[in-house]
Structures are given as C-alpha cells and as structure tokens.
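# Coordinates in review
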2 protein chains.
Amino acid sequence: MSLDGLSINLATVRKQYTFAQAVEACLAQGITAIAPWRDQIHAIGLKEAASIVQSNNMRVTGLCRGGMFPAADKAGLAAAIDDNKRAIDEAVALHADCLVIVVGGLPSGSRELPTARQMVVDGLAAILPHARESHMPLAIEPLHPMYAADRACVNTLEQALDVCELLGEGIGVVIDVYHVWWDPKLLSQIARAGASGRILAHHICDWLVPTRDLLLDRGMMGDGVIDLQGIRAAIEAAGYHGPQEVEIFSSENWWKRPGAEVLATCVERFHTTCCPRTT
Amino acid sequence: MSLDGLSINLATVRKQYTFAQAVEACLAQGITAIAPWRDQIHAIGLKEAASIVQSNNMRVTGLCRGGMFPAADKAGLAAAIDDNKRAIDEAVALHADCLVIVVGGLPSGSRELPTARQMVVDGLAAILPHARESHMPLAIEPLHPMYAADRACVNTLEQALDVCELLGEGIGVVIDVYHVWWDPKLLSQIARAGASGRILAHHICDWLVPTRDLLLDRGMMGDGVIDLQGIRAAIEAAGYHGPQEVEIFSSENWWKRPGAEVLATCVERFHTTCCPRTT
C-alpha cells in the first residue's frame, strides 16, 4: 500500500534523531513526507535543512510553529509578530505546505481570555499580509481546551473557523484529532472547514485512557479511543485528501523506543487504523 | 459578610472527614450549605445523614451523583437507570436542590462517542419521569473535554442545554467553572441557560498552571487562572443567585491539609475572589 498519505511530524522522534537523521530514518521506511519543528531546523541551519529536503524530494506538510501571540505588553506582541514573519520565511525556504499556528494562551498573571483571544486575532492580522505575499498559508491549530491557559486560547474548530472567516484569504486550520475528537460539533465543523477550503493539514495520534500527563502522554494510533477512521472519512468527504501527519509527544513510551521501531509502528498503524473503511 | 452564598461540596474534604464530621466542621466555620457524595451518605446511612441535615438546618445544594449511563450492553444501561432512580430517592430524602448528573463516558472498548451520547439521552429520558414525580431536578454537569472518554461525553454547556431542550421540563445544568471556563461560547450559553431557567448549581474551584494531574489537581479559588468574578457576574446576570459550591479534588495539596484549614481558606477566598466586583 502506498505511503503517499503518511507524513511524520518530527516531534514524534525528537528524542531519537536530529533533523538529518530523522529524514534518513523516514526514507528507510518509505516515508517521504515530514513536518519539522523550528528548533530542529535551527539546529542544523535553514539552508542545510532545505537542501536535505530538496535533494531527497521530501514533502514538508507543515512547519511547526508560529503563533504564541498573547503577551503582557505591546513590545511582547510586536516581538511575537516579528518572530512569526521569520517563521513564514523559514516555511517558504522549506517549501512547506503551511505554517502551523499555535496561537498562545494567557499572558502570565492574566485571567482575561477574551483579551488574549483578541491579541491572537490582532497578531494574525499583522502577519497575514506577509504570509499572502509569500504564498504561505497560515494553519491555525485549535488545541484541546486543557491547553487554553498555557498554549492556545483557540480551542475548537468552530472558534478557529470564526477567526479564519474574520481574516479572509490565506488562512485555514489544522485538524489534529487529539485536540478535537471530543467535540460534539466536530463533524459539522469539518464540513464547514472543507466547504470553505480551509483544511490545510490533518494530524493524527490517539487519546489514551488513562492519560497520565496533560502534554506528553499521547498515544500511537489504535492504542486509544479516537475514531480515526471515522474522522478521516469526514475529512475526505469535506474534500481534503492530503497526508495524515503523525504527531506523538510521549515522554514515557515512544520517545524512549528506538526511532526505527516508532516509525515502523506509525506505518503499520497508518494502514490498519487510519484509513476509512471501504465498504 | 454573609456565608449564605457559599456551599461546600464534601469531596473537598473527603480525605479528612466523614459526613458527620464534615457537617460539624462546616458549621464551625459558619457554613450552612453542603453537597455530599453518595458514598459519603451510604457510609453513615441515608436516614442518619438526613437526620443530621435536618437537625442542623443545612441546605443541600446537590447530591453527587447520578449519571454514568453508557454501557456495553442493555443490561448495563438498565442497571444504570435503576441506580439513578435510587439516587433520585436519596436526593429527595436529603431535600437536595438537585441531583447532579455526570453522564458517563465511552463504554470500555468503544470509540463511538455518538452512540454513547445517545445512551445518555436515553438514560435521562428513562429516569426523568421519576425525577419529575419526585420533584427532584436533574442537573447535567458538562465535564471538561479531557474527561470525554472516561467520565462524561457531555462536554460543553451548549451540548448540555441541547439535551435539556430535547428532554423538556425537570432538567437543567450545573455550571462548574473548572469544566467550562475555557469555552469561547461560555457567556452566550450562560445567558441561554438562565433564560430557560436551567441553571441549577454553580460550582467553583480554579485551574492551576501547570496542572499536574487530569483529575486530582484542582486549585483553590484565586490560585489559578479562572475569571471567577466575571463568570459569577454572568451567572447572576442570567438570573441565578444560588450558592457557589466549592468542589476541589486535590490529592497532593488540599486533601493533605487539616480540614479546618481547607474550609477556612474556602471562606476567605469566597469573599476575596468569587463575588462580582461592585462598581
């Protein structure tokens, strides 16, 4: 079966591999699409990273990540905007499909979610012209509500799409099953996102029961309770047929295993648990 | 300042006190409203518990808890329905304001949230006639989305109110800030709940940053990031002026402190951080 539909977010093997090692390990499994994080790119250097991508004909399904707009003061917001513009340039250099945006949570000491959410809109509006000129789509990733305080105050697909519609062209969403699987409005919002052409990426992993850590206990596809096949079917029905990108943060399990084992498991589970049942 | 507006959910001091001890400790602080859990009632016996409540003229702001409907088979759902009818009777015996409903998550091995959610509606529909005859309101508590798999597949106020409207009279919601504070639609849904007279209880605690455990790391009011005063103002503007009920599960902090210290802190924080600012 083809692996065209599979991408590996390099956070999944960040403890095992450098960027160059991760690319080599993916290719060894037949995987030809990746999504790196900026720290991984910075460690090797943007030029070298782009060269590795190009010479191996890799698809980059996203660069992680821009965002993190809410700040305690205007200088903080301005600094975030500058950094996001650099992130757009890096995504362009890597020929990434999109720049993933994790919008940021509450500034330290704040309890004002509406204010933080407005800062997100302001920050996105400030970088969107540069993104459009650069032909680099911005992909808002709504994060699970348990991250509202410290990582992202955009917490549902509905909310992310409202922001997109406010801002216009050049911006869409990442649908990461870990963050949205619980949402009673998930299917209707996937359809809405597809109808407006705003599905830019589809991330997969699984929700474990029990979940032992809020951040670093994501599961391998098939080991948890997310209806991966059902969600993928809805995403395809909405018109998105791009790769599924495996993104697993797992400090006590997958990050401790050999990278080749992790990647081989991703390939196996992609085939067995992630593609819509054909009837 | 009066303590009429303060209730203590006895889970807050469950490691320190039996039911009878908890009542005594609350009265010593001037607290005259409580919300017990069924296991605490069963330990002392319903008749004795009811006698203690009555002789001390305590208000019972809710009995925790009914619900837990989704089951692997019909026998499981039938057993849950029977147990919920007994819970209604116990709430009546205690003259509780409502029976708190934590609806339940996915049956073991299931990935089908829509099926579980339908079982919740079916279960509630099955017990609602008994609740109405008993004049005991059912109060659906939407739980934070991080509990969708293992505790409750009703995860937003909007979703809970949709269920209420489907089922009609005799059913409403608990608004627990811990579960709903992140919701971008919170204020509009509080207004909707108030307009239909469905706000039956208001639970408080705080969301800590970082949160170290998904279940047992709730914070004392004022120690986290929830805008308690703002949410209370919205709830009062929606027409609900009943008590705020402190419910804190805290295995590593508050459950390890002397009960009197915990209760005194609840009283202090209620005054300093929970009541709407008067301007």
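Residues numbered from 1 in each chain as written. Chains lettered and ligands numbered in written order. Predicted model: local features only at pLDDT ≥ 70, side-chain atom pairs only at ≥ 80, totals over all residues. Heavy atoms only, no water.

### Some remarks on helix H8 (residues 186-195) of chain A
Note: α-helices contain 3.6 residues per turn, so residues at a spacing of three or four share the same orientation. Residue and element names in this part refer to chain A. For H8, the complete set of buried residues consists of Leu-186, Gln-189, Ile-190, Ala-193 and Gly-194. Angular distribution of buried residues about the axis of H8 spans 140 degrees; they occupy a single face of the element. The exposed residues of H8 that point more than 90 degrees off its buried face are Leu-187 and Ala-195. Gly-197 sits one or two residues past H8 and shows a positive phi near 65 degrees. (Buried < 20%, exposed > 50% of the residue type's maximum accessible area, 1.4 Å probe, protein only. Helix = DSSP H or I, 4+ residues; strand = E, 2+ residues; numbered from the N terminus. Arc of directions from axis to C-beta.)

### A word on the sheet that holds strand E6 (residues 138-140) of chain A
Residue and element names in this part refer to chain A. An order of E3-E2-E1-E9-E8-E7-E6-E5-E4 is seen for the 9 strands of this open sheet, with the pairing classed as parallel. The open sheet terminates on both sides in strands that have one partner only, identified here as strand E3 (59-60) and strand E4 (63-67). Examined bridge by bridge, strand E7 (residues 171-176) and strand E8 (residues 199-204) share 4 bridges and lie parallel to one another. Paired with Ile-175 across the strands is His-202, a residue of E8. Contacts between helix H5 (residues 113-133) and the sheet are confined to strand E5 (99-102), E6 and E7, with E6 contributing the most and set at about 145 degrees to the helix. On top of the sheet, helix H10 (residues 259-273) reaches strand E1 (6-9) and strand E9 (244-246); it is set at about 145 degrees to E1, its chief contact. (Pairing = 2+ DSSP bridges. Contact = heavy atoms within 4.5 Å. Axes fitted to C-alpha atoms, helices over the stretch in contact; angles between N-to-C directions.)

### A closer look at the side chain of A:Glu158
Relative to the elements of secondary structure, A:Glu158 occurs in helix H6 (residues 157-167). Setting aside anything within four residues of it in sequence, one finds A:Glu158 in contact with A:Lys185, A:Gln189, A:Arg192 and B:Lys185.

### A word on the relation of the copies chain A and chain B
Note that the two copies of the chain are related through a rotation about an axis and a translation along the same axis. The transform that puts chain A on chain B rotates by 180 degrees and translates by 0.0 Å along the axis, for an RMSD of 0.0 Å. Such a combination of turn and shift is consistent with a two-fold rotation axis. When the interface residues of chain A are mapped onto chain B, 100% of them again fall at the interface, so both copies present the same face. (Least-squares fit on C-alpha atoms with pLDDT ≥ 70 in both.)

### As for the sheet that holds strand E7 (residues 171-176) of chain B
If you trace the 9 strands from one edge of the open sheet to the other, you get E3-E2-E1-E9-E8-E7-E6-E5-E4 (chain B), paired in parallel fashion. Here the strands that pair on one side only, and so sit at the sheet edges, are strand E3 (59-60) and strand E4 (63-67) of chain B.

### A look at the interface of chain A and chain B
Interface size is often expressed as the accessible area that is lost when the parts come together. With 30 residues of chain A at the contact, the number on the chain B side is 30 residues. The contact between chain A and chain B buries some 2,300 Å² in all, and 67% of this surface belongs to carbon and sulfur atoms. Its largest share of buried area at the contact with chain B, chain A owes to A:Arg111, A:Trp182 and A:Leu214, together 26% of the area lost on that side. Linking chain A with chain B are 2 salt bridges, by the criterion used here. The salt bridge involving A:Lys185 is made with B:Glu158; its shortest N-O contact spans 3.3 Å. For the interface between chain A and chain B, the tally reads 8 residue pairs in polar contact (both at pLDDT 80 or more). Going through the elements one at a time, H5 and H6 of chain A are the ones with two or more residues in the side of chain A that touches chain B. Partitioning the side of chain A that touches chain B into residue classes produces 14 nonpolar, 8 polar and 8 charged. (Buried area = accessible area lost by both parts, 1.4 Å probe. Salt bridge = Lys/Arg side-chain N within 4 Å of Asp/Glu carboxyl O. Polar contact = N/O pair within 3.5 Å; in protein donor to acceptor, adjacent residues only side chain to side chain. Nonpolar A, V, L, I, M, F, W, Y, C, P; charged D, E, K, R; others polar.)

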